[in-house]
Amino acid sequence: MLSPFKDPIYVTRPLLPDAQKVNQKINEIWKSKWVTNNGQQHKELEIQLQEYLNVDHISLFNNGTLALLLGLKALNLKGEVITTPFTFPATVQALDWNGLTPVFCDIDSNTLNIDANKIEALITENTSAILGVHVFGNPCDVYKINEIAEKYNLKVIYDGAHVFGTTVDGKPIGSFGDMTMFSFHATKLFNTVEGGALTVNDKNLHQKLNLLKNFGLASPEDVVLSGLNAKMNEVQAGIGLEVLKLVDEERLKRDKIKQTYERKLAGIPGIRVLTTLQNECSSYQYFVIEIDREKYGRSRDWVHEELNKYNVFTRKYFYPLCSDFEWYKHLESAQPKNLPKAQKSVNQVLSIPFYGELELESAEKICAILKEIHVGFLEETEYQLGGDIL
Ligand SMILES: *Cc1c(COP(=O)(O)O)cnc(C)c1O
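Residues numbered from 1 in each chain as written. Predicted model: local features only at pLDDT ≥ 70, side-chain atom pairs only at ≥ 80, totals over all residues. Heavy atoms only, no water.

*Asks:* Teacher, can you tell me more about the environment of Ser 226 here?
*Replies:* Mapped onto the elements of the fold, Ser 226 is located in the loop between strand E11 (222–223) and helix H7 (234–244). On a C-alpha basis, the gap between Ser 226 and Thr 260 in space is 50 Å, while along the polypeptide they are 34 residues apart. (Helix = DSSP H or I, 4+ residues; strand = E, 2+ residues; numbered from the N terminus.)

*Asks:* Would you explain the nonpolar core in this entry?
*Replies:* Side chains of a nonpolar character, in soluble globular proteins, are inclined to be buried together. Within the largest apolar cluster, 50 residues are counted, with the highest numbers of intra-cluster contacts made by Leu 77, Phe 86, Phe 104, Leu 112, Phe 136, Ile 157 and Met 179. Counting residues per element, the ones that place at least two in this core are helix H3 (64–74), helix H4 (89–96), strand E4 (127–133), strand E8 (179–183), strand E9 (196–200) and helix H6 (203–212). When residues in this core are grouped by element, the largest group, seven residues, is from H3. In this structure, this core is formed jointly by two domains, domain 1 (19–244) and domain 2 (248–389), each of which donates at least three residues. Setting aside anything within four residues of it in sequence, one finds Leu 77 in contact with Leu 72, Leu 100, Ser 128, Ala 129, Lys 155 and Ile 157. Counting residues in each nonpolar core, the second largest holds 41 residues, with Cys 105, Ile 130, Ile 173 and Leu 244 among its members. (Core = buried A, V, L, I, M, F, W, Y, C linked by side-chain atoms within 4.5 Å. Buried < 20%, exposed > 50% of the residue type's maximum accessible area, 1.4 Å probe, protein only. Domains from an automatic or database assignment. Contact = heavy atoms within 4.5 Å.)

*Asks:* Would you mind showing me how to read the domain arrangement of the protein chain here?
*Replies:* Accessible area lost when the parts come together is the quantity often used to give the size of an interface. Partitioning the protein chain into domains gives domain 1 (19–244) and domain 2 (248–389). Here domain 1 and domain 2 have C-alpha centroids that lie 28 Å from each other. The interface of domain 1 with domain 2 comprises 38 residues on the first partner and 37 residues on the second. Roughly 3200 Å² is buried in total at the junction of domain 1 and domain 2, and carbon and sulfur atoms are behind 59% of that figure. At the surface where domain 1 touches domain 2, the tally comes to 15 residue pairs in polar contact (both at pLDDT 80 or more). When residues of the side of domain 1 that touches domain 2 are traced back to their parent elements, those giving at least two are H4, strand E3 (101–104) and strand E6 (167–168). Residue classes in the side of domain 1 that touches domain 2 are distributed as 20 nonpolar, 13 polar and five charged. (Buried area = accessible area lost by both parts, 1.4 Å probe. Polar contact = N/O pair within 3.5 Å; in protein donor to acceptor, adjacent residues only side chain to side chain. Nonpolar A, V, L, I, M, F, W, Y, C, P; charged D, E, K, R; others polar.)

*Asks:* Hey, could you run me through the sheet that holds strand E12 (residues 271–273) in this one?
*Replies:* Backbone hydrogen bonds are what pair the strands of a sheet, in a parallel or an antiparallel way. One open sheet accounts for three strands, arranged E12-E13-E14; its pairing is antiparallel. Taken across any chain shown, the strands that pair with only one partner, and hence form the sheet edges, are E12 and strand E14 (349–352). Mean inter-strand twist for the sheet, computed between neighbouring axes without regard to direction, equals 35 degrees. Sheet analysis places E12 next to strand E13 (residues 287–291), joined by three bridges and oriented antiparallel. Each bridged residue has a counterpart across the sheet, and for Arg 272 the counterpart in E13 is Glu 290. Relative to the sheet, helix H8 (residues 247–265) contacts E12, E13 and E14, its axis offset from that of E13 by approximately 20 degrees. Sheet strands in contact with helix H10 (residues 300–309) are E13 and E14, and its direction is about 25 degrees off that of E14. (Pairing = 2+ DSSP bridges. Axes fitted to C-alpha atoms, helices over the stretch in contact; angles between N-to-C directions.)

*Asks:* Could you clarify how one ought to interpret the sheet that holds E9 in this entry?
*Replies:* Ordered by their spatial adjacency, seven strands build an open sheet running E1-E9-E8-E5-E4-E2-E3, and the pairing between neighbours is mixed. Since the sheet does not close on itself, it has two edges, and those belong to strand E1 (57–61) and E3, each with one partner. Here the strands of the sheet are splayed against their neighbours by 25 degrees on average, with no regard to which way each runs. Looking at chain direction, E8 and E9 are connected through five bridges and run antiparallel. Along E9, the bridge assignment pairs Thr 180 with Thr 199. Relative to E1, helix H2 (residues 40–53) is tilted by about 130 degrees, and along the sheet it contacts E1, E8 and E9. Each of E1, E8 and E9 touches H6; the most contacted strand, E1, lies at about 15 degrees to it.

Below, the structure written as structure tokens:
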């Protein structure tokens, strides 16, 4: 029986710059007496992120949810939007706040993303857009989605909260579709404590977004759109500039952990690693496994609880499905029978601890625990011991 970790191990830890560096930034901002509204830090972060994400235009926001909400607003959508039930609540809540009805499409069990082959059947005369989510850093089938959108004249928006710096066939992820939302929440690979952005290819759309996040003010006395206040402030932007310097090294550290997990988890019956696709540059946002109850001998929920006893705290992202929210249950597309793959995966997924500071030894131990607690482990060891004696 392995002993519990002395200190709790959480699913993630924020990537934080040295407090001294943050102090320097704050001093700089204080001296300028310009603390929000497109100040120097904000301008600089926009330039650096545009470059890092390799996109035509970027607009910063105070969080990812409001970025998505205003992005949808900017596209003047009506009626229905085809999306995935397997996502964080913010994705569909951004639709709600725009008076748009989600039409839930089942997922691809391999990537956990919206199954592009099932989208077309859901299109009606009320459909105005497709809202895809690049779940856990695995890109959606952006080519197929683009094809469908062109055929039916639909807008395409991506929730890219998990794909900071990801590419598809060498192309930046933020360049696909009409726009992509990024979240810079503390739990995301790159963070500004709270924050977010939209990347767009269209210059006019970019201007509109900049208006929408600042009350629709074209000038102090000219209100041209019904906007909101969703601006990123100077402290957020200043911290972001420091965090950005750390991102590449964090990726390398997470890559080592990823490799350790993949090596050590291989061969444990009933555990499948979900975040290892070809053709992508991983964002290293999460490390996600799927637990097959039949083969592993225990359910995902049991494992989640059992790991707590070892002081390991995992998350069941994205349980429950958005289609199971009380206010969507009446929708035809939300019926469990229409979403068999999502219903299955949502009860199998588990995000396990994944952040640069996690020691490789700890990652190895987590794998050893996962091995120790699966049903059949004892019989296997007894069998091996028996073999040794003979
Ligand atoms: C984190 C997250 C969001 C919300 O972003 P915030 O910046 O926290 O508002 C939206 N969608 C997904 C998939 C997320 O993981």
